[in-house]
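Tertiary structure, described
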Amino acid sequence: MDAVVYAFALAALAWVLVAGREITERHPVWRWYLTGYPSMAIRVVTTWRKVCQVNDLTVSYQPARRVLGDLVVRGEALRGVAPRLGLPRPVPGGVRVRVRLRPGQTPAPFLQAADALAHAWRAHAVRVDSPERGVVTLTASASDPLAAPHEASGQPAVLLSVVLGLLETGGVWRVDFRRVPHWLIVGATRSGKSTLLARLVAQLAPQRVALVGIDCKGGMELALFADRLTVLATTRRQAVEVLGELVNEIQRRMYLCRAAGARSIWDLEDEARPVPVVVLVDELAELYLTNGSREERAEAEQCSTYLLRLAQLGAALGVYLVIAGQRVGSDLGPGVTALRAQLGGRVCHRVNDPGTAEMALGDLHKDAVAVAQSIRTDEQGVAVTVADSGGWVRGRTYLTTPDDARKATLEHADRTPRLPLLALAKERGDRGEER
Ligand SMILES: Nc1ncnc2c1ncn2[C@@H]1O[C@H](COP(=O)(O)OP(=O)(O)OP(=O)(O)O)[C@@H](O)[C@H]1O
Ligand SMILES: [Mg+2]
């Protein structure tokens, strides 16, 4: 009888092992829930007190001075109390835990200790957030979710909304111009700015949207997509002209809205609504830097004024800006800081100078500046961006090669809207006409 029971038990164990292996190989997410999560959760709980002590995350309410005989002794209590740890919960590829702060504690020391926590828990990284006062959430990810993002298929196409890549939270990195109309994209050379612009072009190409390119690096990057661009400016002189025409265009739209009693083009009837325009600028500095001559300075100032005007008025009138630059600082000109204030969307790739990270993120999310500066050279396409929830998040664009984007632009070249004023600018640009 016993032999039969043993045989059954062995057979059941063998079945569990084989089936378990089969399931975990087919569904890596399950593998994490079944094996990775329990061991990391145990590590989090068992190391919590020690990690807190070593990293000054404990508090002590003992008085800092004591009287010993005739002496007053000053010092910190040896063993403080660690903040209260919640139950570690599984998230795809990681563990999240809520920590209730003790009175007197702030999230700052937890941010500093993120690396130590990652080592203690053998995690790839630990992200520290403070979703509400008195609470910190720690999210430990077992591996880098942005190492090789795979594009999910079947994303619904929504006008003026594009999928750029993957967020480290596992969500989709989506840019919706109707929610956040203007964007500043910064990053050192070869950090992934133009790839992001190529992705935008490829995603917007099938939509009823006019694309305007301003690429004063001689058109090296955006000229590839010329078939789907309503107009392309490759010199600053052309840029001034195109931006001027766009300012005229928004004025025309303003009259149109006023006449119809509408507050934005989205309140107009479908047939009366002018086509939305997305203006892509590759290398902002090329518009601002001058050789000091009066003529060049006047052109740069004109560009700056027009860009500011478009940023201030464009959102309601369907003109959206995406401005990319390697180094964006107030030294480019006084207009840059004013322009940045209008560009609510931010993407900060790897940067060489702290000033640019500060310019891109410092005014919105101070704590994200250091995160942007820690992006490595081999993490091309990785960036810190503003999150829909109001904070910041790391993401990685899906790699869109110039060839992929060019194919999309050729395929949808017939959808290129012709705006009357811009067509004039394009003709002049094509003829290389000097004013
Ligand atoms: N999301 C990504 N995933 C993988 N590789 C990427 C990604 N984005 C960019 N790259 C790689 O990085 C290289 C440089 O990217 P890109 O040309 O976009 O940089 P850039 O910031 O525009 O540089 P520059 O300032 O010199 O124009 C690309 O050729 C591509 O191979
Ligand atoms: Mg580039």
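Notes on the structure follow. Keep in mind the model is a prediction, meaning the values are calculated, not measured.

Structural notes on a nonpolar patch on the surface
Residues Val29, Trp30, Tyr33 and Leu34 make up a contiguous nonpolar surface patch of about 400 Å² in total accessible area. For Trp30, the position within the fold is in helix α2 (residues 28–54).

Considerations on the layout of surface pockets
Within this model, the largest pocket holds a volume of roughly 1,500 Å³. Lining the largest pocket are 47 residues, with Ala125, Val126, Arg127, Ser141 and Glu168 sitting closest to its centre. Taken together, the elements giving at least two residues each to the lining of the largest pocket come down to α2, β5 (94–100), α4 (114–120), β6 (125–132), β7 (135–141), β8 (161–167), α11 (366–373) and β17 (392–397). When residues of the lining of the largest pocket are assigned to their parent elements, the largest contribution, seven residues, is made by β6. Considering only residue class, the lining of the largest pocket consists of 23 nonpolar, 14 polar and 10 charged. Both domain 1 (25–141) and domain 2 (161–431) contribute no fewer than three residues apiece to the lining of the largest pocket.

Considering the coordination of the magnesium ion (ligand 2)
The protein atoms that coordinate the magnesium ion (ligand 2) are Ser194 (OG) and Glu221 (OE), at distances of 1.9 to 2.6 Å. In this pair, Ser194 is assigned in helix α5 (residues 193–204) and Glu221 in the loop between β11 (210–215) and β12 (229–233), connecting sequence segments 27 residues apart.

What to know about the site of ligand 1
For ligand 1, the set of nearby residues contains 16 residues, the closest of which are Thr189, Arg190, Lys193, Thr195 and Thr397. A distance of 2.5 Å is found between an oxygen atom of ligand 1 and a side-chain nitrogen or oxygen belonging to Thr189. Separating an oxygen atom of ligand 1 from a side-chain N or O atom of Ser194 is a distance of 2.7 Å. Compared with its free state, where it exposes 630 Å², ligand 1 has 79% of that area covered by protein. When atom positions are compared with the pocket grids, ligand 1 is found to occupy the second largest pocket. With three residues, the top contributor of residues to the shell around ligand 1 is α5.

Some details on the environment of Pro90
With respect to the helices, strands and loops of the structure, Pro90 is situated in strand β4 (residues 89–91). Counting along the chain gives 53 residues from Pro90 to Tyr37, while the straight-line C-alpha distance between them is 6.2 Å. Beyond its immediate chain neighbours, meaning those up to four positions away, Pro90 contacts Tyr33 and Tyr37.

Describing the packing of helix α6 (residues 236–260) against helix α8 (residues 294–317)
Between two packed helices, what matters for the description is the angle formed by their axes and the separation of those axes. With their axes 9 Å apart at the nearest point, α6 and α8 run at an angle of 30° to one another. Classified by the angle their axes make, α6 and α8 are roughly parallel. Handedness of the crossing formed by α6 with α8: left-handed. Taken together, the residues of the contact of α6 with α8 break down into 15 nonpolar, three polar and seven charged.

Side note on the sheet that holds strand β14 (residues 319–325)
Spatial strand order, β9-β8-β17-β16-β15-β10-β14-β13-β11-β12: 10 strands in an open sheet with mixed pairing. The open sheet has two free edges, formed respectively by β9 (172–176) and β12, since each of these has just one partner strand. Averaged over neighbouring strand pairs, the angle between their axes works out to 25° when direction is ignored. Two elements, strand β10 (residues 183–186) and strand β15 (residues 345–348), share four bridges in a ladder whose sense is parallel.

About the thresholds
- Counting from 1, residues in each chain are numbered in the order their sequence is written.
- Written order determines the labels here, with chains lettered from A and ligands numbered from 1.
- Local features are withheld for residues below a pLDDT of 70 in this predicted model, meaning they are given only at 70 or higher, and side-chain atom pairs are given and counted only at 80 or more; totals for whole chains, interfaces and linings count all residues.
- Excluded from the side-chain calculations are hydrogens and water; all other atoms, namely the structure's heavy atoms, are used.
- Residues form patches when they are more than 30% accessible in relative terms and have no salt bridge. Like charges link within 9 Å. Nonpolar side chains (Val, Leu, Ile, Met, Phe, Trp, Tyr) link within 5 Å.
- All accessible areas in this document rest on Shrake-Rupley with a 1.4 Å probe, and a residue is counted as covered only by the protein chains that are shown.
- Whenever a carboxyl oxygen of Asp or Glu lies within 4 Å of a side-chain nitrogen of Lys or Arg, that contact is scored as a salt bridge.
- Secondary structure counts use DSSP, requiring at least four H or I residues in a row for a helix and at least two E residues in a row for a strand, with both numbered from the N terminus.
- Only protein atoms enter the 1 Å grid used here. Points where a 1.4 Å probe fits but cannot escape make up a cavity, open sets with protein on both sides within 12 Å along at least five of seven lines make up a pocket, and a residue lines them when an atom lies within 4 Å of a point.
- Grid points are joined across faces, edges and corners, and a volume is the space filled by probe spheres set on the points.
- Residue type decides the class: Asp, Glu, Lys and Arg count as charged, Ala, Val, Leu, Ile, Met, Phe, Trp, Tyr, Cys and Pro as nonpolar, and the leftover types, Gly among them, as polar.
- Reported domain spans reflect what an automatic or database domain assignment gives.
- Only N, O and S atoms count as donors, using a 2.8 Å cut-off from the metal and 3.2 Å for Na, K and Ca, and because water is excluded some sites may appear unfinished.
- Near residues are defined by distance, with any heavy atom within 4 Å of the molecule or strand qualifying the residue.
- Residues adjacent in sequence count toward polar contacts only when both atoms are side-chain atoms; beyond that, a polar contact is any pair of N or O atoms within 3.5 Å, and within protein one must be able to donate a hydrogen and the other to accept it.
- Should more than half of a molecule's atoms lie within 2 Å of a pocket's or cavity's grid points, that molecule is taken to sit in it.
- Note on contacts: a residue pair qualifies if any of its non-hydrogen atoms lie within 4.5 Å across the two residues.
- Every axis in this analysis is a line fitted to C-alpha atoms, fitted for helices over the stretch in contact. Angles between the N-to-C directions lie between 0 and 180 degrees.
- Should an angle lie under 35 degrees it is considered roughly parallel, over 145 roughly antiparallel, and from 65 to 115 roughly perpendicular; all remaining angles are considered oblique.
- Each crossing gets its handedness from the near helix: less than a right angle anticlockwise from the far helix is left-handed, clockwise is right-handed.
- DSSP-based pairing: two strands are paired if at least 2 bridges between them are found.

No statement about biological role is implied by the geometric values presented.
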